[in-house]
Amino acid sequence: MPTQNNVDIAPAKGKLGVLIPGIGAVSTTFMAGVEAIKRGLAEPVGSLTQLSTVRLGKRTEARSPYIKDFVPLAGLDDLTFGGWDIFEDSAYESAVHAKVIERGMLDQLKGPLSEIQPMKAVFDPQYVKRINGPHVKEAPNNMDKARMLMEDIRQFTSRTGASRLVMIWCGSTEVFHKPSACHENVKKFEEGMCKNDPEISPSQIYAYAALQSGVPFANGAPNLTTDTPALLELARDRQIPICGKDFKTGQTFMKTLLAPGLKARMLGMSGWFSTNILGNRDGEVLEDPGSFKSKEETKLSVLDQILQPELYPSLYKDLYHAVRINYYPPRGDAKEGWDNIDIFGWMGYPMQIKIDFLCRDSILAAPLVLDLVLFLDLAHRAGMRGIQEWLSFYFKAPMTAPGLYPEHDIFIQLMKLKNTLRWMRGEDLITHLGLEYYD
Ligand SMILES: NC(=O)c1ccc[n+]([C@@H]2O[C@H](COP(=O)([O-])OP(=O)(O)OC[C@H]3O[C@@H](n4cnc5c(N)ncnc54)[C@H](O)[C@@H]3O)[C@@H](O)[C@H]2O)c1
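Residues numbered from 1 in each chain as written. Predicted model: local features only at pLDDT ≥ 70, side-chain atom pairs only at ≥ 80, totals over all residues. Heavy atoms only, no water.

Undergrad: How would you explain the site of the ligand if you had to name every residue and give the values?
TA: Taken together, 32 residues sit near the ligand, with Val26, Asp85, Val122, Gly171 and Thr249 positioned nearest. Residue Ser172 places a main-chain N or O atom 3.4 Å away from an oxygen atom belonging to the ligand. In the model, an oxygen atom of the ligand is placed 2.7 Å from a nitrogen or oxygen of the Thr249 side chain. In the complex, the protein chains occlude 98% of the 830 Å² of accessible area that the ligand would expose alone. Sort the elements by how many residues they give to the shell around the ligand and helix α15 (residues 361-381) lands first, with 3 residues. (Near = heavy atom within 4 Å. Polar contact = N/O pair within 3.5 Å; in protein donor to acceptor, adjacent residues only side chain to side chain. Areas by Shrake-Rupley, 256 points an atom, 1.4 Å probe, with all protein chains shown as cover. Helix = DSSP H or I, 4+ residues; strand = E, 2+ residues; numbered from the N terminus.)

Set out below in structure tokens:
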């Protein structure tokens, strides 16, 4: 049966520029992976946009196209990369330093990765402690710095000929802070930038520059960034889609797989202790209590929102949940995360689950960056604006409309994502009711 799109989606014509504040482990692993896949040297494992299908109609119809054939996404050959960092290292040098991808592979990709030279960053050592670098913009106030970023964006566009852009924050985790008076609306935010209000963080200056330039913005870190009335207002007014926060990889990914399952069976939980060791630059920044507090907030909120102790007090009201991160240089990016989960069953009998996840942080994060870039560009071409809740699937602390609690269950998030794609294309939403098979 012919269907009609619920939204008009402009075609993905021309190049898509991917602008990244933070040319570190995650972003270089993402860019190196795309270059390797384009050359047939690797597979896009972990990416829904490249590998996943979406079922359409009834199970008897056998219609399950690839997502990339179902909605018009930019192709990998059309991506062109740029970014900013406080260090001058090219993406190749930064990837060598990060030691995520083996040197033999990196050297095959040296050409395209060496061409990605970071632009000077907007940086404030009050927001990221423990690292500092020389490659930063100097200007009397933060509004001037935002204008310099907008000029960088213009020059990148004319240099690469990109027809569309997406910005994704892969910079270090900024210290925890809450929205304040300067975040109340765009006017106050702009005044705050002119006055160098200390409550405005560098990631917010990038986000402002992106939104003012008509560029969708995703936040891969737990920073406050666009989660303020001012930047939400700007995104809506400028008709720009945004999403965040904090890529859901590693230990929290495991949590959102397991916790909904235990809750689905109405098993109780008295404790969940998570600890891990990692030795990359991200781990070093997270040694600072302010940055750790940003991370801790996003990591801790997950269980409470999945288990809903207010609805199930006998199962979850006494849950003790703790998260630790330990910087341990010998491990580099190859993190190890341990979880001890104390659960209880029928008649309150206690049981334990232990997880030892020897993961690779940036290998898990890179496909998320790819999907977010392609989906945000799709949303923009489809005229969608403001918070894109259907992209919650990718985040530890999904942004939601004010007053709405986030959905953390990864299977509900996946259904929401695929139903949004079905909705865009005018296909029936899948409810999994299925009574019609038994009529
Ligand atoms: N790897 C994962 O699984 C994962 C998961 C969730 C979130 N994250 C977040 O993603 C971000 C990137 O992680 P990573 O492992 O690549 O870290 P990284 O330290 O390797 O890279 C971050 C880069 O950002 C740069 N930077 C810091 N402040 C900047 C600024 N104001 N402007 C431009 N550049 C700036 C740093 O110099 C560094 O090169 C971190 O915030 C991390 O917490 C990572």
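There's plenty left to go through after this.
Undergrad: Help me get a handle on the pattern of salt bridges, residues and values and all.
TA: Counted according to the given criterion, the structure contains 19 salt bridges. For Lys38, the salt bridge identified is with Glu35, shortest N-O distance 3.1 Å. Here Glu35 and Lys38 lie together in helix α1 (residues 25-38), a separation of 3 residues that amounts to about one turn. For Glu35, a relative accessible area of 6% corresponds to the buried category. Here Asp144 makes a salt bridge to Arg147, at a shortest N to O gap of 3.4 Å. Placement of both Asp144 and Arg147 in helix α7 (residues 142-160) is noted, with a separation of 3 residues, approximately one turn of the helix. What makes Asp144 partly exposed here is its relative accessible area of 22%. With relative accessibility at 47%, the residue Arg147 sits in the partly exposed group. Each of Glu35, Lys38 and Arg39 takes part in salt bridges that share partners, so that together they form one network. (Salt bridge = Lys/Arg side-chain N within 4 Å of Asp/Glu carboxyl O. Buried < 20%, exposed > 50% of the residue type's maximum accessible area, 1.4 Å probe, protein only.)

These figures come from the coordinates and say nothing about function on their own.
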